[in-house]
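Each chain is listed here by its residues.
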Amino acid sequence: MALSGAVRAARGRCARALSWVPPAAGTGATRGRDGTRGTGGTTGTGATRGTGATRGTGATRGTGATAGTGDTIFALSSAPGRCGVAVIRASGPGSGAALRSLAGTPAPPPPRVMALRRIRDPRTGESLDRGLVVWFPGPHSFTGEDCAELHVHGGPAVVSGVLRALGRLPGLRPAEPGEFTRRAFAHGKLDLTAAEGLRDLIGAETEAQRRQALRQLEGDLGRLYQRWSHALTQALAHLEAYIDFSEDDNVEEEVLAQVAVTVRALLQELRGHLRDGRRGELLRGGVRAVIAGPPNVGKSSLLNLLCRRPAAIVSPTAGTTRDVLEVALDIGGYPLVLSDTAGLRQATDPVEREGVARARARLCQADLVLAVLDATSVSHTPVALGAALAALEPPPGTPCVLVLNKADLLGGHGGSPSASGAQGPPATLLSCGGSPSASGAQGPPATLLSCGGSPSASGAQGPPATLLSCKTGEGLEALLELLAQQLAQLCGDPLLGSPSLTQSRHSRHLGACAAALERFGDVGDSGDLAVAAEQLRVARRELGRITGHVGAEDILDIIFRDFCVGK
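All values reported here derive from a predicted model rather than from experimental measurement.

Cut-offs applied
- Residues numbered from 1 in each chain as written.
- Predicted model: local features only at pLDDT ≥ 70, side-chain atom pairs only at ≥ 80, totals over all residues.
- Heavy atoms only, no water.
- Core = buried A, V, L, I, M, F, W, Y, C linked by side-chain atoms within 4.5 Å.
- Buried < 20%, exposed > 50% of the residue type's maximum accessible area, 1.4 Å probe, protein only.
- Helix = DSSP H or I, 4+ residues; strand = E, 2+ residues; numbered from the N terminus.
- Contact = heavy atoms within 4.5 Å.
- Polar contact = N/O pair within 3.5 Å; in protein donor to acceptor, adjacent residues only side chain to side chain.
- Pairing = 2+ DSSP bridges.
- pLDDT = per-residue confidence, 0-100.
- Lys, Arg positive; Asp, Glu negative; His and termini not counted.
- Salt bridge = Lys/Arg side-chain N within 4 Å of Asp/Glu carboxyl O.
- Phe/Tyr/Trp six-rings, centres within 6.5 Å; stacked < 30°, edge-to-face > 60°.
- Lys NZ or Arg CZ within 6 Å of the ring centre and 35° of its normal.
- Axes fitted to C-alpha atoms, helices over the stretch in contact; angles between N-to-C directions.
- Parallel < 35°, antiparallel > 145°, perpendicular 65-115°, else oblique.
- Left-handed = near helix turned anticlockwise from the far one by under 90°.
- Nonpolar A, V, L, I, M, F, W, Y, C, P; charged D, E, K, R; others polar.
- Arc of directions from axis to C-beta.

A few points about the nonpolar core
Membership of the largest hydrophobic core comes to 34 residues, with the highest contact counts inside it found for Leu 302, Leu 306, Leu 338, Leu 368 and Leu 370. Breaking this core down by element, the ones donating at least two residues are helix H9 (279–285), strand E7 (287–292), helix H10 (299–307), strand E8 (325–331), strand E9 (334–340), strand E10 (368–374), strand E11 (400–405) and helix H13 (476–491). Element by element, the count of residues in this core is highest for H13, at eight residues. When neighbours within four sequence positions are excluded, Leu 338 is seen to be in contact with Ala 289, Ile 291, Leu 303, Leu 306, Leu 325, Glu 326, Val 327, Leu 329 and Leu 370.

The following block contains the structure:
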């Protein structure tokens, strides 16, 4: 066993219960001996994390830059281009000297207090700008290192002049992409999930994306995985203790049963977390919706109506759209990536055939389908609507919204696909290809209607439907409301419940963790405890790869805390 030697070396002395628990074995952030706040790893004695916490493979923590590389980096932290105020940041041991050089003062201003200074080129003494400077001595900074910020006017000449002046100072170099956040991770200011949340927050374009990213940045997802890691660490520590000390009657027999209960509960919780319908990933990257339908039913007109600009060419000639046209939209605070595609039919023209092939390929990748039909050329009975929808061959199980366009041509006598003749309850999210009901009277046009409101003989229902006129805009609000409902069901509320998976790598590592826990159950029944312990180590290592928190000392700490070994 990997820990047997270390544990046996402790035999013969009574190990007292430790007064503190490392974060990877605890539930969240701890405060280091220097007063700084971290989010994981062992308690530090300065800006660094512990004594060099390592990842599961033995590599030092981080993805490149480590705590204490010795060089100082600088970069423009605000968006490039003309702006009112530009923020230039420096981080590293030379940031204080750089601030004094450019500000022309013998000492930096008081920490975290803005000061108005004349910014000069240290080499020539030329005045570059008059702006605000801020000093963040480490470890009380974003990166955990000494940091300085210069808030100057955002003209390109001012920004480039200040950056050139910084580049001439000895020991300073331009930062690589993401290097400030990487240094913050290396100094324990945030874990990998929080770093990903920060990146998503910067790139958020909708309210729901912002809420999810901010929740992840604030540590909700990291704390969930740390709690699971803590449970695994305890289970592994108790199992190791049983293996090494059960012959001396120092460990109770109930320990094994408790370990099995903990692992089963964790496996069940982990499986539930993996079965989230990709909500977090859909919200982060946008729900991919495809407008599909026969030629000349108004698909491109619908795209233009939703994005409120002439993004697609519209022509009365059938088969105008040949390639896939994609636009990003914000619908009810949720991100929607909408694709206009070629009309689905048996094409004879080689170019149109390629367009239809691309349309079907994009349809297979869709998270949501907007099936557009001509309201004047299809019967409004659920049976007829179901048959027309089935002819489009939408992917089985993919949510679908049925849009009956050209409602303005119905002359006020257009039918709705309502099953009862009146407007029914709000449509629910159903799978494409659901069987429509056998009845179907007509209702008022341009309202939110439910296709197949009553179950068919097979128990399935048709997709939600609405009437629309792309020419007059009638029915647009109903369609937007319906889309918002579908997106809310696909993405969920990012502020409610357990935090969602947002990265494919999370799913990959959690899947490997669940597989290891399943193997633990299989091995545990056979009584091979050494192999069972190895499966717990594998599961714990996979969790650690998500947050970047993997340490070998945590297991020993819990053994000594929970068991008075050798008494």
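Once the structure has been displayed, the description carries forward.
Some words on the side chain of His 506
Structurally, the position occupied by His 506 is in helix H14 (residues 504–526). A distance of 2.7 Å separates the side chain of His 506 from the side chain of Glu 196, its partner in a polar contact. Sequence-distant contacts of His 506, defined by excluding residues within four places in its chain, comprise Thr 193, Glu 196, Gln 216, Leu 221, Tyr 225, Leu 501 and Ile 546.

Some points on the pairing of strand E4 (residues 127–136)
Of all 10 residues making up E4, seven are buried, and the element is well covered by its neighbours. Strand direction decides the pairing type here: strand E3 (residues 115–120) and E4, joined by six bridges, are antiparallel. Residue pairing for E4: Arg 117 is matched across the bridge by Gly 131. Taken together, the five bridges between E4 and strand E5 (residues 147–154) define a ladder with antiparallel strand orientation. Residue pairing for E5: Leu 132 is matched across the bridge by His 151.

Looking at the confidence of the model for the protein
Put simply, the protein has an average pLDDT of 78, and 73% of its residues get 70 or more. In the model, residues 418–460 has pLDDT below 50 throughout and makes 113 contacts with residues more than four positions away in sequence or in other chains.

Some remarks on the side chain of Lys 299
Position of Lys 299 among the secondary structure elements: in helix H10. An unpaired buried charge is present at Lys 299: no salt bridge exists, and Asp 340, the closest side chain of opposite charge, is 5.7 Å distant. The residues contacting Lys 299, other than those within four sequence positions of it, are Ile 291, Ala 292, Gly 293, Pro 294, Asp 340, Thr 341, Ala 342, Gly 343 and Val 372.

Focus: the packing of aromatic side chains
Counted under the stated rule, the structure contains one aromatic pair. With a centroid separation of 5.6 Å and 45 degrees between ring planes, the pair formed by Tyr 225 and Trp 228 is classed as tilted. One end of the pair, Tyr 225, and the other, Trp 228, are both in helix H7 (residues 220–245), three residues apart, so they sit about a helical turn from each other. For the pair formed by Tyr 225 and Trp 228, the shared burial category is buried. It is Arg 89 that lies over the ring of Phe 180; its NZ or CZ is 5.3 Å from the centre.

Comments concerning the packing of helix H5 (residues 192–203) against helix H6 (residues 207–217)
Between H5 and H6, the shortest axis-to-axis distance is 7 Å and the interhelical angle comes to 150 degrees. Comparing the axis directions of H5 and H6 gives the class roughly antiparallel. Judged by the sense of rotation from one axis to the other, the crossing of H5 with H6 is left-handed. Contacts from Thr 193, Ala 194, Glu 196, Gly 197, Leu 198, Asp 200 and Leu 201 of H5 reach H6 at Arg 210, Ala 213, Leu 214, Gln 216 and Leu 217. Of the residues belonging to the contact of H5 with H6, the class tally is six nonpolar, three polar and three charged.

Comments concerning the packing of H7 against helix H15 (residues 529–547)
Packed helix pairs are specified by the crossing angle of their axes together with the interaxial distance, meaning the distance between the axes. Where H7 contacts H15, the two axes come as close as 9 Å, and the packing angle between them is 160 degrees. The orientation of H7 relative to H15 falls into the category roughly antiparallel. Viewed along their axes, H7 and H15 form a crossing whose handedness is left-handed. On H15, the residues touching Gly 222, Tyr 225, Trp 228, Ser 229, Leu 232, Thr 233, Ala 235, Leu 236, Leu 239, Glu 240, Tyr 242 and Ile 243 of H7 are Leu 529, Ala 530, Ala 532, Ala 533, Leu 536, Arg 537, Ala 539, Arg 540, Leu 543, Ile 546 and Thr 547.

A look at unusual backbone geometry
Here the bond from Gly 138 into Pro 139 is cis, since omega is 5 degrees, no more than 30 degrees from zero. Mapped onto the secondary structure, Pro 139 falls in the loop between E4 and E5. We note that Arg 278 has phi near 60 degrees; this positive angle belongs to a residue other than glycine. Within the secondary structure, Arg 278 sits in the loop between helix H8 (254–274) and H9. Judged by relative accessible area, Arg 278 falls into the partly exposed class, the value being 43%. Backbone geometry at Lys 406 places phi at a positive 65 degrees, although glycine is not the residue there.

Observations regarding helix H2 (residues 95–103)
Of the positions making up H2, those classed as buried are Ser 95, Gly 96, Ala 98, Leu 99, Leu 102 and Ala 103. Taken end-on, H2 shows its buried residues confined to a sector of 160 degrees, consistent with a single buried face. The positive-phi residue at the C-terminal boundary of H2 is Gly 104, with phi of around 70 degrees.

Quick look at helix H4 (residues 179–186)
Buried residues dominate H4, accounting for six of its eight residues. When we look at burial in H4, the residues that qualify are Glu 179, Phe 180, Arg 183, Ala 184, Phe 185 and Ala 186. Contacts from the buried residues of H4 go to strand E1 (72–76), strand E2 (83–91), strand E6 (172–174), H5 and H15. Immediately downstream of H4, the backbone of Gly 188 shows phi near 80 degrees, a positive value.

What to know about the pattern of salt bridges
Tallied over the full model, the rule gives 28 salt bridges. Note that Glu 326 and Arg 288 form a salt bridge whose closest N and O atoms lie 2.6 Å from each other. Of this pair, Glu 326 sits in strand E8 while Arg 288 sits in strand E7, placing them 38 residues apart in sequence. Here Arg 288 falls in the partly exposed class, since its relative accessible area comes to 31%. A relative accessible area of 39% means that Glu 326 is categorised as partly exposed.

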